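Secondary and tertiary structure notes
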Amino acid sequence: MFIRKVLLIIISMFSLTCVSQTQEGWEEAFRQWIDAEETESSAIENVYEELSEIADHPINLNQASREDLEKLPFLTVQQVEELLSYIHRFGGIRSSGELQMISSLDAERRHLLSYFIYIGEPAKKNNKLRFDSILYHSRHQLSATVKVPLYTRRGDRDGYLGARYRHSIRYQLTYHDRVKFGLTGAQDAGEPFFSNRNNWGYDHYSYYLQLKELGNIKNLCLGMYKVQLGKGLIINGGFYLGKLSSLQSMGRTSTTLKAHSSRSANDYLRGAAATIRLHRNWDITAFASYRSLDATLNKDSTARTLLTSSYHRTQTEMNKKNNTHETDLGGSIRWRKKSYYVNLNYLYTHLDRLLRPEKENAPYRRYIAEGNDFMNWSLDYGYTNSRFSLSGETALNKEGALATIHQCSFRLKCPMTLMLLHRYYDKRYTALHAQSFSEGSNVQNEHGIYAGFIWQPSSKWTLNGYVDYAHFTWKRYQVSMPSDAFDTMILMRFVLTDRWRIEGRYRFHLRQKDNSQKTYIVNQTEHLSRLRVSYDTPSGLSLQTQFDGISVSLEGKNKGWMISEQITYQWRWLQLYANATVFQTDNYASRLYLYERPLPYNFSSIMLYGKGIRYAFMTRTEIGKHLLMIVKFGVTNYFDRQKISSSWQEINGSSQTDIDIHLRITL
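Calculation criteria
- Residues numbered from 1 in each chain as written.
- Predicted model: local features only at pLDDT ≥ 70, side-chain atom pairs only at ≥ 80, totals over all residues.
- Heavy atoms only, no water.
- Helix = DSSP H or I, 4+ residues; strand = E, 2+ residues; numbered from the N terminus.
- Polar contact = N/O pair within 3.5 Å; in protein donor to acceptor, adjacent residues only side chain to side chain.
- Contact = heavy atoms within 4.5 Å.
- Core = buried A, V, L, I, M, F, W, Y, C linked by side-chain atoms within 4.5 Å.
- Buried < 20%, exposed > 50% of the residue type's maximum accessible area, 1.4 Å probe, protein only.
- Expected span 1.5 Å × (residues − 1).
- Pairing = 2+ DSSP bridges.
- pLDDT = per-residue confidence, 0-100.
- Salt bridge = Lys/Arg side-chain N within 4 Å of Asp/Glu carboxyl O.

With respect to the helices, strands and loops of the structure, Asn219 is situated in strand β7 (residues 217–228). At 3.0 Å, the side chain of Asn219 forms a polar contact with the backbone oxygen of Leu257. Every residue in contact with Asn219, bar those within four places of it in the chain, is listed here: Gln210, Leu211, Lys212, Leu257, Ala273, Ala274 and Thr275.

Now for the nonpolar core. Counting 29 residues, the largest nonpolar core has Val227, Leu233, Phe287 and Tyr429 as its most contacted members. Broken down by secondary-structure element, the contributors of at least two residues to this core are β7, β9 (269–279), β16 (402–411), β17 (416–425) and β20 (483–495). Counting residues in each nonpolar core, the second largest holds 28 residues, with Ala55, Ile87, Leu99 and Phe116 among its members.

Helix length check: helix α5 (residues 77–90) (14 residues) gives 20 Å between terminal C-alpha atoms against 20 Å at 1.5 Å per residue, within 8%. Burial of α5 is extensive: 10 of the 14 residues sit out of reach of the surface. Along α5, the positions that sit buried rather than exposed are Val77, Gln78, Gln79, Val80, Glu81, Glu82, Leu83, Leu84, Tyr86 and Ile87.

Turning to the pairing of strand β25 (residues 574–585), a few remarks are in order. Sheet analysis places strand β24 (residues 557–571) next to β25, joined by 12 bridges and oriented antiparallel. Each bridged residue has a counterpart across the sheet, and for Ile567 the counterpart in β25 is Ala578. Two successive antiparallel strands, β24 and β25, enclose a turn made up of 2 residues, where Arg572 displays a positive phi of approximately 50 degrees. In the sheet, β25 pairs with strand β28 (residues 611–623) via 11 bridges, with the strands oriented antiparallel. The partner of Ala580 across the bridge, within β28, is Tyr615.

Scored by pLDDT, the protein has a mean of 87; 90% of the residues are at 70 or more. This model gives residues 1–24 a pLDDT under 50, and the stretch forms 29 contacts once residues within four places in sequence are excluded.

Here Ser292 is to be found in strand β10 (residues 282–297). Once you skip the residues sitting within four places of it in the chain, Ser292 turns out to touch Arg270, Asn322, Thr324 and His325.

Tallied over the entire structure, the rule returns 24 salt bridges. One salt bridge in this structure joins Asp426 and Arg428, with 3.4 Å as the shortest N-O distance. In this structure Asp426 comes out as buried when scored by relative accessible area, which is 11%. Here the salt bridges do not stand alone but share partners, grouping Arg166, Asp188 and Arg263 into one network.

Attention now moves to the pairing of strand β23 (residues 541–553). Pairing geometry for strand β22 (residues 521–536) and β23, over 12 bridges, is antiparallel. The residue bridging Leu528 from the neighbouring strand is Ile550, located in β23. Count of turn residues in the β22/β23 antiparallel hairpin: 4 residues, of which Gly540 carries a positive phi of about 100 degrees. Bridge count for β23 against β24 is 13 bridges, and the pairing is antiparallel. Bridging across to β24, Leu543 finds its partner in Ile567. Where β23 hands over to β24, the hairpin turn is made up of 3 residues, of which Glu555 adopts a positive phi near 55 degrees.

Below, the structure written as C-alpha cells:
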C-alpha cells in the first residue's frame, strides 16, 4: 500500500498539474452537477455566486479547515472527513494527483473540486492583521454588468419609472481568505436611477466587511451578511438546491456566517455577526440585524404579505418599498469533538407592523405566520466518519409546534453510497427565515421520507437516483384537502472515452391538485427525460447535443420537446460560446428550462414554452492579466405568438433580443 501511494504521488508530479489553474471555466462542471434540479429555484443563483467567489480565491487544501471545505456543496460529509483525515495523517497533499488516494472522491468530484482548491504550503498562522499589509497586498476587483434589451416593453412606454436597462456595479477587496470588503449596487430594468426615491442611484446596495481569525474571533461580519444554522429549520441564508444535490452533499449540516455580496435584495441580514472560539471544542455564534422589507398593506396599515420580488418599477411598487422593518436577534452554541457535534440555536424576529395575512377566502393559509413577534429554537446534532454519518435537527416555534429532520448515509465497500432522510413539519410550525429539504415551498405542513443512492461501478459509469414521498395533512394552494406527492429520478453518466461523454436522466413527479370544479383532487403526473452527448476535441473545441422531453397529465395531457446544440471553443485568451435550441411545447404547463453559459455572478436559466427557437453567442476575452470582457448576444423567436409576456412586461412582437456586457478589472 505504501509503495502504491509513493508511485501515485511520483506519477502525478510529472503527469498532472494543479487543475485549478486550467483556463477551462468551471461553470460547465457546475452545470452538469445541478442541471438535473428544477432550475427555476432562485437558490441556484446564490450557489453560483458563492462558488464564483471561491473560484476567484481558491482554497489552499493543505490549510483548509472543515468550514472551508463545507462551503463546497458538492462534497459529502464523508469526503470532507476523509480529506481532513488524509491531510492530518500524511502531513499535507503534495499534488492534485494525490487526490486519487481519497477513496470516496470519484473522478467527477475530483474534477469539480479542482476549480476551487490549490496545493500550497501551509502558511504560518498570524492572528494579527496589519493595515499596511492589507493596503499593499490586497486584491481589488471592480466589475460592471449591463443588460441591453433590443425591444420595448409596455411598461417602458407608459408605466415604468426608469430606463429599460438592467445594470449593476461591484467592488470587492480581498486579503488572502481573511479580509473581504465590498460594495454592490444593483438596478432592475424599469427602476429609477438617481430619481424618485432612489436618490442615491441604485435601487439596492449591498455593503459588507468580513474578517476571519482575529484571535479567538473566527469570523466577524459587519454590514450585510447571511446566516445558516443547522439544516435550516429556523434560518437558512446559505443555499439549498434540491433533492438531487441533497444526495450529492449527503444532507450536510453547518453553521455559517458569510458576507452578502450579491445583487439579491432577499435572504440577508444587516448589522453585525460573529463566531467566537470559546474553547478547543466550543464555539458561540451571535448576530443582530435591523433591515427594511417591502410589504403589501391592509386598509388598517397592517402587513398582509411580505414581498420578495424586490421590484420597484412602477409607482405602486415604489410605494411598497421599505414600508416595514424587521429586527432579528439570534445565535448558536456549538460543541464539536472529533466526529461528534451538537448545536443549540435560537432566533427572535420582530416586525414593526403586525403581519395579518388574508385568510377568509384562502383556507389553506389558516396556519400561515402572523403577528409581530416570532421565536424559534432548535437543536442540531450529528456523528460522522469516513463511511457513516447520522445527523438531524429538531426545532420548535413559540407555540410549541415541531419541525424535525434526520438523515443518515452509509458508504459501502463497493462503490455505492446510500442515504435515508425523514422530515416532519407540523402544519402549525412557522419560521420566517426557514429553508430546508421539502417537497412543498416552505418548512410547514409536510411529512415525508426520502431514499437515494450514488453508485459508481467503474471509473466510466456513475448512477444516481432517489425516491421521495410526502404527505400534506392540511390544505395547500390549489389543493382543498389533505394530499400526497411522489417524486423519483434516475441519472446516469457514462464516459465512453477521454473525449466522449453520455448522460441520461428520467424523472417522474406526481402531485395532487383540485379538479377544475374543485369537488375532488386528481393526480398531476409529470415525466421528464434528457439525453446529452458531449465531445471534446484536442484543439479546444467542445460540442454538446441535448434532447429534453416532457409529458404532463392533469385532466388532459400536455407534452413538449427541446433539442439544443452547444459549441465552446477555447484559444489562449479567447473563449467563444454558441448555443442553438429548437423547442415545441403544448402550453405553459409543459414548459422546459434551458441552461445557457452565464455572465459572472449571474446564473442564467431560461424558461421556454410554445413553439420557437433560441440562439445565443458569447465571447470571453482576457486582455492581459487585469482586464476581462464578456459580451453575450441572445435571441428568442416564437412561431406561435405576436406578443410576448403580459401586463407591463408585454412585448409587441414575436422576437426578444438582449445584449449582456460584463467588464471586470482586477488589480
